[in-house]
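# Examining the three-dimensional arrangement
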Amino acid sequence: MKYPTTERTLRVPGATLRHEIRGSGSDPVLLLLPGAGGDAAVLDPVADALADTFTVLTHDPRGYSRSTLDGPHTEQRVPVHADDARRLLDAVSPDEPAYVAGASSGAIVALDLLARHPGRVRRVVAHEPPSWSVLPDAAEQLAFFDEVHELFVTEGLQAAGERFLRGIGGAMKPATWMTRPELPPRTREMMIRLTANAPLALEYEYRSFAAYVPDLDALAAVRHRLTLAAGEATRPHLPCRPAALMADRLGLEPASFPGAHNGWSTHPAGTADLLRALLLGDTR
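The residue count restarts for each chain, going from 1 along the sequence in the order it is written. It should be noted that, the model being predicted, local features are given only for residues of pLDDT at least 70 and side-chain atom pairs only at 80 or more, the latter also being counted only at that level, while totals for whole chains, interfaces and linings use all residues. Each side-chain value is worked out from all heavy atoms of the structure, with water and hydrogens disregarded.

## Quick look at the overall build of the protein chain
Filter applied, for reference: Counting from the N terminus, the helices are DSSP H or I runs at least four residues long and the strands are E runs at least two residues long. Between two residues, a contact is recorded if the distance between any of their heavy atoms is within 4.5 Å. For the accessible areas, the method is Shrake-Rupley and the probe is 1.4 Å, while residue cover comes only from the protein chains on display. Under the counting rule used here, the positive set is Lys and Arg, the negative set is Asp and Glu, and His together with the chain ends is not counted. In plain terms, the charge of a residue is placed at NZ if it is Lys, CZ if Arg, CG if Asp and CD if Glu.
The helix and strand inventory of the protein chain stands at eleven helices and nine strands. Overall size of the protein chain, expressed as C-alpha extent along the three principal axes, is 50 × 45 × 40 Å. Of the contacts formed within the protein chain by residues at least 6 apart in sequence, a portion of 75% connects residues at least 24 apart. By element, 54% of the accessible surface of the protein chain is carried by carbon and sulfur atoms, the whole surface being about 12000 Å². Distance between charge centres in the protein chain, computed from 29 positive and 35 negative side chains, equals 3 Å.

Laid out in structure tokens, this is it:
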């Protein structure tokens, strides 16, 4: 069954967040958080697959796509994005805590939301949060992101993107829909937005999110509500290392998801099934 999508906006300090709601409205809320430069439409296949079980909430993070800033773009901060997520949950699910799942940068936001606002969250799945700060070679990895940014400034987006992909190994795979000769209008519009978002992510998000230090002490107190996950095809590349290290420190068994770092895009059906099982214990 295809559920209709309701579009809304929410005023938050410094921005207006454009968000979408799918499902019957009577099921528990699940907030899905995209990676850097992504928006609500990136999550369409996963959100559609989960709308029979949850009231699925997706949004364009502040400064991207249709979520506008009150002023100019500045360095993005994880706690600000997590506070945006909390305000969305306050608006959509004011009386009940919600489920939250995030991929890549969205996973970092999910971890901060759980650490600082545990009362708003039932359970979190964090898929490959790129928190290089927790790694023993953090200085080297953060320097890599500085190098990518310098390439972006001096040689442009393509050179920076190529260096980034080399640095993270074979951790990004093309989604099957990208090879279709004709894309649906919503997908075409999304691609235009993502092209505009990419330089903003490189300039204002990648480095600050990578340097974010998760509060492992706070997460330890709610570890029973957290699943850290990695893609089967990401190992042993850089993007899976923070999740594995944090899971070890918190005494958790990391979950294995299909695909690589962007497995939510390449394997949406398998991703949705695993999210449902991890969040609800539903194995259908």
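From this point on, the discussion continues.
## Some thoughts on the packing of helix H2 (residues 78-92) against helix H3 (residues 105-116)
Inclusion rule: All axes are obtained by fitting lines to C-alpha atoms, using only the stretch in contact for helices, and the reported angles, taken between N-to-C directions, cover 0 to 180 degrees. By definition in this entry, angles of less than 35 degrees are roughly parallel, angles greater than 145 are roughly antiparallel, angles of 65 to 115 are roughly perpendicular, and the rest are oblique. Each residue receives one of three labels: charged for Asp, Glu, Lys and Arg, nonpolar for Ala, Val, Leu, Ile, Met, Phe, Trp, Tyr, Cys and Pro, and polar for the others, Gly being one of them.
At a closest axis distance of 8 Å, the pairing of H2 and H3 adopts a crossing angle of 70°. Considering the angle they form, H2 stands roughly perpendicular to H3. Residues Val78, Pro79, His81, Ala82, Asp83, Ala85, Arg86 and Leu89 of H2 pack against Ile108, Val109, Asp112, Leu113 and Arg116 of H3. In the contact of H2 with H3, the residues fall into eight nonpolar, one polar and four charged.

## Quick word on helix H9 (residues 241-250)
The condition is simple: Partly exposed residues are those whose accessible area sits between 20% and 50% of the maximum for their type, while under 20% is buried and over 50% is exposed, using a 1.4 Å probe and protein chains only.
Those residues of H9 that sit buried are Pro242, Ala243, Leu245, Met246, Ala247 and Leu250. Positive backbone phi, at 70°, marks Gly251, one or two positions downstream of H9.

## Thoughts on unusual backbone geometry
Here Arg235 and Pro236 are connected by a cis peptide whose omega angle stands at 0°. Here Pro236 lies in the loop between strand E8 (226-231) and H9. Backbone geometry at Glu128 places phi at a positive 50°, although glycine is not the residue there.

## Points about the environment of Thr68
Examined against the element boundaries, Thr68 turns out to sit in strand E5 (residues 68-69). C-alpha of Thr68 to C-alpha of Ala269: the two residues are 201 residues apart in sequence and 31 Å apart in space. Other than its neighbours up to four places away in sequence, Thr68 contacts Gly14, Ala15 and Thr16.

## With respect to the pattern of salt bridges
Rules: Should a side-chain nitrogen of Lys or Arg be within 4 Å of a carboxyl oxygen of Asp or Glu, the pair is scored as a salt bridge.
A complete count under the given rule lists 20 salt bridges for this structure. Across the salt bridge formed by Arg11 and Asp70, the nearest N and O atoms sit 3.0 Å from each other. Remark: Asp70 occurs in the loop between E5 and H2 and Arg11 occurs in strand E1 (residues 5-12); sequence separation between them is 59 residues. The class for Arg11 is exposed, based on a relative accessible area of 52%. Between Arg86 and Asp90 there is a salt bridge whose closest N-O contact spans 3.1 Å. In this pair, Arg86 and Asp90 both sit in helix H2, four residues apart, roughly one turn of the helix.

## Some remarks on the side chain of Glu20
Counted only if it meets this: For this analysis, a polar contact is any N or O atom pair within 3.5 Å, provided that within protein one partner can donate a hydrogen and the other can accept it, and provided that sequence-adjacent residues contribute only side-chain to side-chain pairs.
Looking at where Glu20 falls in the secondary structure, it is placed in strand E2 (residues 15-22). Glu20 sits in the buried class, given a relative accessible area of 0%. Engagement of the side chain of Glu20 in a polar contact is seen with the side chain of Arg18, the distance being 2.2 Å. Ignoring any residue separated from it by four or fewer positions in sequence, one finds Glu20 in contact with Thr5, Thr6, Glu7, Ala40, Asp44, Val56, Leu57, Thr58, Arg66 and Arg186.

## Observations regarding the nonpolar core
To be explicit about the condition: What we call a nonpolar core is a set of buried Ala, Val, Leu, Ile, Met, Phe, Trp, Tyr and Cys residues that are connected through their side-chain atoms within 4.5 Å.
Leu57, Leu89, Val100, Val124, Leu226 and Leu228 are the most contacted members of the largest nonpolar core, which totals 56 residues. If one sorts the elements of this core by residue count, H3 sits on top with eight residues. Counting 21 residues, the second-largest nonpolar core is a separate cluster that includes Leu30, Leu43, Ala229 and Phe257.

## A word on H3
Selection rule: An expected span of 1.5 Å times one less than the residue number is assigned to each helix.
The end-to-end C-alpha separation of H3 is 17 Å, in line with the 16 Å expected for twelve residues at 1.5 Å each. Across the twelve residues that make up H3, a large majority, eleven, are buried. Buried residues of H3: Ser105, Gly106, Ala107, Ile108, Val109, Ala110, Leu111, Asp112, Leu113, Leu114 and Ala115, and no others.

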